[in-house]
Amino acid sequence: MKHLQRFATPVLALVAVVLAFRLSQSDHRSHAQQADPSASASESRAREPYGLSQVRVLSRAIREVSDGYVDPDRVNHQRMFLAGLNAIQRSVAPVMVDYREAEGRVYLQVRAERASFAVSDINSPWALTDRFRRVFEFLEANLGGESDLDLRDVEYAAVNGMLRTLDPHTSLLTPDVFEEMRMSTHGEFGGLGIVISIRDGHLTVIRPMPNTPASRGGLERGDRIVKIDAESTLNMPLAEAVSRLRGEPGSPVDVWFTRASGTTWSAPRRVRLVRAIIHIESVEHRMLADNIGYVKVSGFQGNTTEDLQRALVALHRDNMRGLVLDLRGNPGGYLNEATDLLSQFFSDGKLLVYTKGRTEARRDYKSNGRARFNLQSIAVLIDEGSASASEI
């Protein structure tokens, strides 16, 4: 919980409200299971009934926007309603949406069933919530035959459709996406040490990290993972593949992969890998010419300050005279890690940054007085990819 609380403090509080929360007890359980995924756990989650018409997620999102969104003038409830419906239409094949502006009504169709809903009178958060509740009741009654559809995803799609009308940065983090973000900012997790992506429709190894189960098991850049345990990766979403490859340290997983060239085998090859604690290095360093130290910080994770301290100690040991701090392409992370990093260079009580929301009091973040590294020359490199905590 400590890490979650730290992440919940937004670095760009004046820009956007990021809605990242665990939305119900059933969602809480499924979210926690992502650390130890299995086919049976996924099937169990799919069998759990989900009350779409209770609008638990959507009502919370609307309340967050109403109470705390930084620019109320951007909030248009009718536009949010229509955008939410369009997002459902894009993500759920049987749903068709027909908005007739002259009538002030929108028509929804699921196969042969049809219903209409007024739009012109949606002028408050409560009206928006109520209208979506009626829409969800209609969808819940008519999407029951879709065996591969999780009604949670319908609500998630509607919420993110609504939020896209506010700005490009405000979004709902679904449990799977939130877990992925939490793990990536935590700095370590149980897994194989492999960076994967979807390339040309195939689950592809982008990079095996050195000295990890993946690299020791012989996986190489460009390999295609075709099966994880008993599950084919054909049409498997990337988030699900990541979830299946991660798990408790010490637990095994069978990975079937092919290699495009340079091998004498053509059929998929199986390798049994044992998951381990994977440490994500967020700091790298080296000494440049004229005793100028170079430190690259790729993200502000839970272990970034400790990694930075070790790098600076090593550079000082080699008589560093100045420092290049490279934050290019650093998308941010924990606010506390950013301020702790700055505290390495500033004296006690120095105001580093503050946050202030529309309804929140100003909160100051000051140096904690470490100031361990007093350098005469520091150059900071940034680019268009330096965001959030990097901007401090």
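Worth saying up front: this structure is predicted, and the values here are computed from it rather than measured.

Thresholds, definitions, all that
- Residues numbered from 1 in each chain as written.
- Predicted model: local features only at pLDDT ≥ 70, side-chain atom pairs only at ≥ 80, totals over all residues.
- Heavy atoms only, no water.
- Pairing = 2+ DSSP bridges.
- Helix = DSSP H or I, 4+ residues; strand = E, 2+ residues; numbered from the N terminus.
- Axes fitted to C-alpha atoms, helices over the stretch in contact; angles between N-to-C directions.
- Contact = heavy atoms within 4.5 Å.
- Expected span 1.5 Å × (residues − 1).
- Buried < 20%, exposed > 50% of the residue type's maximum accessible area, 1.4 Å probe, protein only.
- Polar contact = N/O pair within 3.5 Å; in protein donor to acceptor, adjacent residues only side chain to side chain.

Strand order across the open sheet formed by 4 strands is β12-β13-β14-β17, with mixed pairing between neighbours. Here the strands that pair on one side only, and so sit at the sheet edges, are β12 (283–287) and β17 (377–381). Going across the sheet, the axis of each strand differs from the next one's by a mean of 15 degrees, ignoring polarity. Bridging between strand β13 (residues 292–297) and strand β14 (residues 322–326) involves 5 bridges; their strand directions are parallel. Residue tyrosine 294 lies in a different strand from β14, and its bridge partner there is valine 324. Relative to β12, helix α11 (residues 304–317) is tilted by about 10 degrees, and along the sheet it contacts β12, β13 and β14.

What follows concerns helix α7 (residues 151–163). With 13 residues, α7 extends 19 Å from end C-alpha to end C-alpha; this agrees with the ideal 18 Å at 1.5 Å per step. Burial runs high along α7: 12 of the 13 residues are buried. Among the residues making up α7, those that are buried are Leu151, Arg152, Val154, Glu155, Tyr156, Ala157, Ala158, Val159, Asn160, Gly161, Met162 and Leu163. With a side-chain oxygen lying 3.0 Å from the backbone nitrogen of arginine 152, the N-terminal cap of α7 falls on aspartate 150.

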